[in-house]
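Observations on the model geometry
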Amino acid sequence: VRENILYTNAIGTVFAFLFVVIFEGSGSITYLRTVKGAFVLLFARSVTFYFGAYFFSTLTRHFGATSATAVTTVRKALTVISSFILFPKDKPFAGFFVYGLFFFLLSVLAESSLHIRAFFHRVRAGRRGEYSL
């Protein structure tokens, strides 16, 4: 899996670079050469994308697609919430965001409650001596 993700990212990087050079012209090359830290940011983005894809595939392999997708959804929601907290002046805060956050947290609670109930059911069964996998 690791090699596949690495090769896919490398091929994607080459295609993205060619696409930018062909359609944007020399302006993109000039930008990368003149803006201090542009390559560092591009490299950091590539590394974080690689590890994100690697961890997602690991989560999928060990816990299934539903759990991996749930973790990804929570991560994205936390990113959006953090964006509102860290950069409050960049975006207007509307009332429907509160409703969206409420329904998101309600859905996480509903999903978690099923797992928590099942966990405590297994604990109680184990205490009674009913060992089942």
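That block above? That's the structure.
Residues numbered from 1 in each chain as written. Predicted model: local features only at pLDDT ≥ 70, side-chain atom pairs only at ≥ 80, totals over all residues. Heavy atoms only, no water.

**Focus: the overall build of the protein chain**
Helix and strand counts for the protein chain come out as five helices and zero strands. In the protein chain, the succession of α and β elements from N to C terminus is α-α-α-α-α. On C-alpha atoms alone, the protein chain measures out to a radius of gyration of 22 Å, which is more than a quarter above the 14 Å that the 2.2 N^0.38 rule sets for 133 residues. Projecting the C-alpha coordinates of the protein chain onto the three principal axes gives extents of approximately 70 × 45 × 25 Å. Taken across its 133 residues, the protein chain has 9% of its residues classed as buried. Within the protein chain, contacts between residues at least 6 apart in sequence are counted, and of these 44% link residues at least 24 apart. Roughly 11300 Å² of accessible area belongs to the protein chain as shown, and the carbon and sulfur atoms make up 72% of that amount. Across the protein chain, the 14 positively charged side chains and the 5 negatively charged ones have centroids separated by 6 Å. (Helix = DSSP H or I, 4+ residues; strand = E, 2+ residues; numbered from the N terminus. Rg over C-alpha atoms; globule rule 2.2 N^0.38 Å. Buried < 20%, exposed > 50% of the residue type's maximum accessible area, 1.4 Å probe, protein only. Contact = heavy atoms within 4.5 Å. Areas by Shrake-Rupley, 256 points an atom, 1.4 Å probe, with all protein chains shown as cover. Lys, Arg positive; Asp, Glu negative; His and termini not counted. Charge placed at Lys NZ, Arg CZ, Asp CG, Glu CD.)

**Details of the packing of aromatic side chains**
Summed over all chains, the structure comprises eight aromatic pairs. Aromatic pair Phe19 and Phe23: ring centres 4.6 Å apart, planes at 50°, arrangement tilted. Of this pair, Phe19 and Phe23 both sit in helix α1 (residues 2-24), four residues apart, which is roughly one turn of the helix. You'll find Phe19 and Phe23 in the same group, each marked exposed. Measuring from ring centre to ring centre gives 5.3 Å for Phe102 and Phe103, while their planes differ by 65°; the resulting arrangement is edge-to-face. (Phe/Tyr/Trp six-rings, centres within 6.5 Å; stacked < 30°, edge-to-face > 60°.)

**Topic: a nonpolar patch on the surface**
Residues Leu6, Tyr7, Ile11, Val14, Phe15, Phe17, Leu18, Phe19, Val20, Val21, Ile22 and Phe23 make up a contiguous nonpolar surface patch of roughly 1200 Å² in combined accessible area. Along the chain, Ile11 turns up in helix α1. (Patch = residues over 30% accessible without salt bridge, like charges linked within 9 Å, V, L, I, M, F, W, Y side chains within 5 Å. Salt bridge = Lys/Arg side-chain N within 4 Å of Asp/Glu carboxyl O.)

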